[in-house]
Amino acid sequence: MQERKWGKNVRIDQRRRVAAREALEHEFDELVLIDDAWETLVTGEGARAEPLHRWLPYRQQFSPELVRKFFADAGLVPGIVVDPFSGSGTTVIEAARLGQAAVGTEALPVLGWLANARGLREAPEPVTPPEPENWRSWWVSQSHPAQKAMILCAAARTVTGEGKRKVAAPPWELIRDAHIMVAEDLARPLKRPNRVVTGDARRMPLADRIAGGMVTSPPYLSRYDYTRVTSFIEALHRNTPLEESRKVQVTAAVKQGIKPPKATDTHLLPEAVHEILRGLEGAGHRADAAIVRNYFSDMRKVLVESLRVLRPGAPAWFVIGGADIEHEYIPSDLICAAMGRDVGFTVDGIIEARRLRLGQRQLGFLTGISPRESIVRFRVPDED
Ligand SMILES: C[S@@+](CC[C@H](N)C(=O)[O-])C[C@H]1O[C@@H](n2cnc3c(N)ncnc32)[C@H](O)[C@@H]1O
């Protein structure tokens, strides 16, 4: 546990520039618990060693241990558990293993497909490897889902966490290891047939008040193009030629950085967001400002939508990472906590699991500031 430090001697003009963010830090000071025991729960390292979770080395994954903690401590109410940003499927797979009903939504179809493949009953057949240059046509010719899952797992291992290809095609050893892993894991039947559906967290394909709890990790605010990591297996899944997949990847990066869609609800965003936008636009970083504006506008939509699908009394844990973009400090956890309150959640607490970068920056009177990775614990108020 660490103490937060309050400094002195701050110039008035500096304070004015950060006043809304400083106020936010004050507002939530009592609710922030700094606890690095949670650090390993917000990273995917735990998942790499666990059966069923180890299929996809996914950079954005959180730990199955976090999901177990959620089931044990969050105080669920009856209903399904929802993960609107399902990613590699950690929540639904762990819930299925524990016998709890859960549904995930995920924007990338290949991730949902691979999460759902964890529920297959048949293992892949013993494999006779094709020549490395023929492995794509090998994928296309397979009709057996477990076989396809195994090829995807092998393909995923040819990409680094940064999205760089290590080799042109999965070498035979990777295919053999993926075969052993998939066969071993499918021999452990799940207790429930939980599903991930392809969908948008801003418009969840779910009925009102269906959920007794939510645990999720939205993409972090960053200029990093995460789709690089999945574009390769996505191309395989859709039978898209790899050249085409590279084009898609470039388009996604361009869209993220230069021409994002215009957010129309900016007036609903907290003052801290406007302060960040003024800072970025004032310094000429208009594309970055657009990313920030769209991110929080989308997150607000997700919070409103979450409130719609959750039942009174239900908990919602959001793992949220802050950012530092062009010297603008962005406390995404506190901004989302404030937006959650605005739309009708109560905030039970905010656990600071780790600092994304060690810094000694001063924010008004508050010193030692750097972006946090936190678990914001919301709850839907009980009905009167
Ligand atoms: C931080 S990852 C979630 C990781 C997940 N907790 C796990 O353990 O693998 C965020 C995921 O949200 C997905 N995503 C981004 N925008 C989305 C949207 N609007 N609706 C649904 N999913 C979305 C991304 O494709 C990504 O897989």
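Here is what the cut-offs are and how they apply
- Residues numbered from 1 in each chain as written.
- Predicted model: local features only at pLDDT ≥ 70, side-chain atom pairs only at ≥ 80, totals over all residues.
- Helix = DSSP H or I, 4+ residues; strand = E, 2+ residues; numbered from the N terminus.
- Buried ≥ 20, exposed ≤ 12 C-beta atoms within 10 Å, placed from the backbone.
- Contact = placed C-beta atoms within 7 Å.
- Near = placed C-beta within 6 Å.
- Nonpolar A, V, L, I, M, F, W, Y, C, P; charged D, E, K, R; others polar.
- Pairing = 2+ DSSP bridges.
- Axes fitted to C-alpha atoms, helices over the stretch in contact; angles between N-to-C directions.
- Core = buried A, V, L, I, M, F, W, Y, C linked by C-beta atoms within 7 Å.

S.K.: Quick question: what am I supposed to make of the overall build of the protein chain here?
M.R.: A count of helices and strands for the protein chain gives 13 helices and 13 strands. Counting across all 384 residues of the protein chain, residues that qualify as buried make up 43%.

S.K.: For this particular structure, what's the right way to read the environment of Ser374?
M.R.: As for its placement among the helices and strands, Ser374 is situated in strand E13 (residues 372-379). Taking the C-alpha atoms as reference points, Ser374 and Asp333, separated by 41 residues in sequence, lie 6.3 Å from one another. Filtering out sequence-adjacent residues up to four positions away, Ser374 remains in contact with Ile320, Asp333, Ile350, Ile351, Glu352 and Ala353.

S.K.: Looking at this structure, how should I read the site of the ligand?
M.R.: The local shell around the ligand holds 19 residues, among which Gln60, Phe85, Gly87, Ser88 and Thr90 are the closest. Class assignment for the residues of the shell around the ligand results in nine nonpolar, seven polar and three charged.

S.K.: Sorry, what's going on with the sheet that holds strand E7 (residues 315-321) here?
M.R.: Strand pairing in a sheet is mediated by backbone hydrogen bonds. Such pairs are either parallel or antiparallel. Read across the open sheet, the eight strands follow the order E2-E10-E13-E7-E6-E3-E4-E5; overall the sheet is mixed. The open sheet has two free edges, formed respectively by strand E2 (32-34) and strand E5 (195-198), since each of these has just one partner strand. For this sheet, the mean angle separating the axes of adjacent strands, direction not counted, is 20 degrees.

S.K.: I keep staring at the nonpolar core and nothing clicks. Help me out?
M.R.: The nonpolar side chains of soluble globular proteins are, as a tendency, buried together. Among the nonpolar cores identified, the biggest contains 98 residues, and Leu114, Leu152, Cys153 and Val292 are the most heavily contacted of them. Of the residues forming this core, the biggest block, 11 residues, is contributed by helix H12 (residues 286-309). Residue contacts for Val292: discarding those within four places in its chain leaves Leu221, Val273, Ile276, Leu277, Leu280, Ile325 and Ile330.

S.K.: Even after reading the chapter, I still don't get helix H4 (residues 90-98), so can you show me in this structure?
M.R.: Note on helix geometry: an α-helix contains 3.6 residues per turn, so any two residues three or four positions apart are oriented the same way. Burial analysis of H4 places eight of its nine residues in the buried class, which makes it a mostly covered element. Taken as a whole, H4 has its buried residues at Thr90, Thr91, Val92, Ile93, Glu94, Ala95, Ala96 and Arg97.

So, to be careful, I would describe these as geometric facts and stop short of saying anything about function.
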